[in-house]
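What the coordinates show
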Amino acid sequence: MFKENDNMRPGPTPERVLAICRLLENNSYNQGELYKLSQLSDDPTSEEAVNHSIQVAKELDLIREENEKYVLAVTPSSLESAKSFRRMIAPVIFARSNSTFFKLTEWFIANSDKVLELTKFDEYAAEASKAGLESVTENDVLGWRFWMRFLGHAYQYNRTLIPNMKIRLEDAMVGLPKETHMTCTQFVLWLKEHVPEAAASCSETTLPLAVSNGLRTLQNEGKIEIIAIKDAIRTGLFPLRGVDKNDFSDIVIKEVS
């Protein structure tokens, strides 16, 4: 799922992988036992989804095998909520820049203004193929969209993905002291380091739609303050009609948790 040239199957969703990990908080099980505990139905595809979810949990080093049984390999506190789980796995996933998942997410961010025109997931595969991701299929996109939504890159409406990295940016900002002040130049450098999947499409000149939407949402929620000082160096947000700020010189972290 998160390896180079790997298939991104729809079966192993973030919720299923989290459920597998939670089953191992206080016990160890072999693969057959894990399947019986997490089987959702008699549908034969259910077994495949569960088994693939176990494989993804292994791949992300969330679980490991000991004496022919699986045990939890992360602290139980990271499984307390979807948020804590998301914040624990995101750095692991986005450290793997050679994975197909990383490359497709990177493509989505860079082309986030164009993906709004796409209404079918096979269209995502076709457009990504034109950009050099020839191996990506519609089935890959179906698996990818569960994880990229969970990790905070977009919201889904029917078959349209609305680019908005509010959740992903907020997760990356956790740990920054309140009232942290960054110039736009400092912020872009910070962004490239802490949100690597956006690094290729972000510059001191302009930010893509997905990042811009995320910053505007965080400002609307009072979690950051975007400042535009006259005659200062500014970085452009993706321009939108009817908004107060389409660029900024400084960002202040207000309340991120």
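Predicted, not measured: the structure shown is a model, and the values here were computed from it.

If you check which residues of helix 6 (residues 121-130) are buried, you get Phe121, Tyr124, Ala125 and Ala128. For helix 6, the angular spread of buried residues about the axis comes to 100°, placing them on one side. The inward-facing, buried residues of helix 6 abut helix 5 (100-110), helix 7 (138-150), strand 3 (154-157) and strand 4 (160-163). Of the residues trailing helix 6, Gly132 is marked for its positive phi of about 110°.

A few words on the sheet that holds strand 9 (residues 250-253). Where strands meet in a sheet, backbone hydrogen bonds hold them as pairs that are either parallel or antiparallel. The strand order across the open sheet formed by three strands is 5-9-6, and the pairing between neighbours is antiparallel. With one partner strand each, in any of the chains shown, strand 5 (181-183) and strand 6 (224-227) form the two edges of the open sheet. Geometrically, the sheet is characterised by an average inter-axis angle of 15° between neighbouring strands, direction not taken into account. Here strand 5 pairs with strand 9 via three bridges, running antiparallel. From the neighbouring strand, Met182 faces strand 9, where its bridge partner is Ile251. Together, strand 5 and strand 9 form the strand contacts of helix 9 (residues 184-194), whose direction differs from that of strand 5 by roughly 100°.

This part takes up the environment of Ile20. Residue position: Ile20 is located in helix 1 (residues 14-23). Separated by 42 residues in the primary sequence, Ile20 and Leu62 place their C-alpha atoms 9.6 Å from one another. Not counting chain neighbours up to four residues away, the residues in contact with Ile20 comprise Leu34, Ser38, Val50, Ser53, Ile54 and Ile63.

Now for the environment of Ala95. By the element assignment, Ala95 lies in the loop between helix 4 (82-93) and helix 5. Residue class for Ala95 comes out exposed when judged on its relative accessible area of 60%. C-alpha of Ala95 to C-alpha of Glu179: the two residues are 84 residues apart in sequence and 28 Å apart in space.

All right, on to the packing of helix 8 (residues 166-173) against helix 10 (residues 209-220) then. Between helix 8 and helix 10, the shortest axis-to-axis distance is 8 Å and the interhelical angle comes to 70°. Between helix 8 and helix 10, the interaxial angle falls into the category roughly perpendicular. Seen from above, helix 8 lies across helix 10 with right-handed handedness. For the pair helix 8 and helix 10, the contacting residues are Lys166, Leu169, Glu170 and Met173 in the first and Val211, Gly214, Leu215, Thr217 and Leu218 in the second.

In the structure shown here, the tally under the stated rule is zero disulfides. You can see Cys184 has no disulfide; the closest cysteine sulfur is in Cys202, sitting 13 Å from it. The exposure class assigned to Cys184 is buried, which follows from its relative accessible area of 1%.

When we look at burial in helix 2 (residues 31-38), the residues that qualify are Leu34, Tyr35 and Ser38. Burial along helix 2 is one-sided: seen end-on, the buried residues are contained in an arc of 100°. In this structure Asn30 caps helix 2, since a side-chain oxygen of it lies 3.1 Å from the backbone nitrogen of Gly32.

Bringing the pairing of strand 3 into the picture now. Strand direction decides the pairing type here: strand 3 and strand 4, joined by four bridges, are antiparallel. The partner of Tyr155 across the bridge, within strand 4, is Ile162. What sits between strand 3 and strand 4 in their antiparallel hairpin is a turn of two residues, with Asn158 showing a positive phi close to 55°.

Per the counting criterion, the structure on display carries 15 salt bridges. Between Lys130 and Glu127 there is a salt bridge whose closest N-O contact spans 3.2 Å. Linking Lys130 with Glu127, this pair stays in helix 6, spanning three residues, or about one helical turn. Under the relative-accessibility criterion, Glu127 is labelled partly exposed at 31%. Within the structure, one salt-bridge network assembled from shared partners comprises Lys166, Glu170, Glu221 and Lys223.

Parameters at a glance
Residues numbered from 1 in each chain as written. Predicted model: local features only at pLDDT ≥ 70, side-chain atom pairs only at ≥ 80, totals over all residues. Heavy atoms only, no water. Buried < 20%, exposed > 50% of the residue type's maximum accessible area, 1.4 Å probe, protein only. Helix = DSSP H or I, 4+ residues; strand = E, 2+ residues; numbered from the N terminus. Arc of directions from axis to C-beta. Contact = heavy atoms within 4.5 Å. Pairing = 2+ DSSP bridges. Axes fitted to C-alpha atoms, helices over the stretch in contact; angles between N-to-C directions. Parallel < 35°, antiparallel > 145°, perpendicular 65-115°, else oblique. Left-handed = near helix turned anticlockwise from the far one by under 90°. Disulfide = S-S within 2.5 Å. Polar contact = N/O pair within 3.5 Å; in protein donor to acceptor, adjacent residues only side chain to side chain. Salt bridge = Lys/Arg side-chain N within 4 Å of Asp/Glu carboxyl O.

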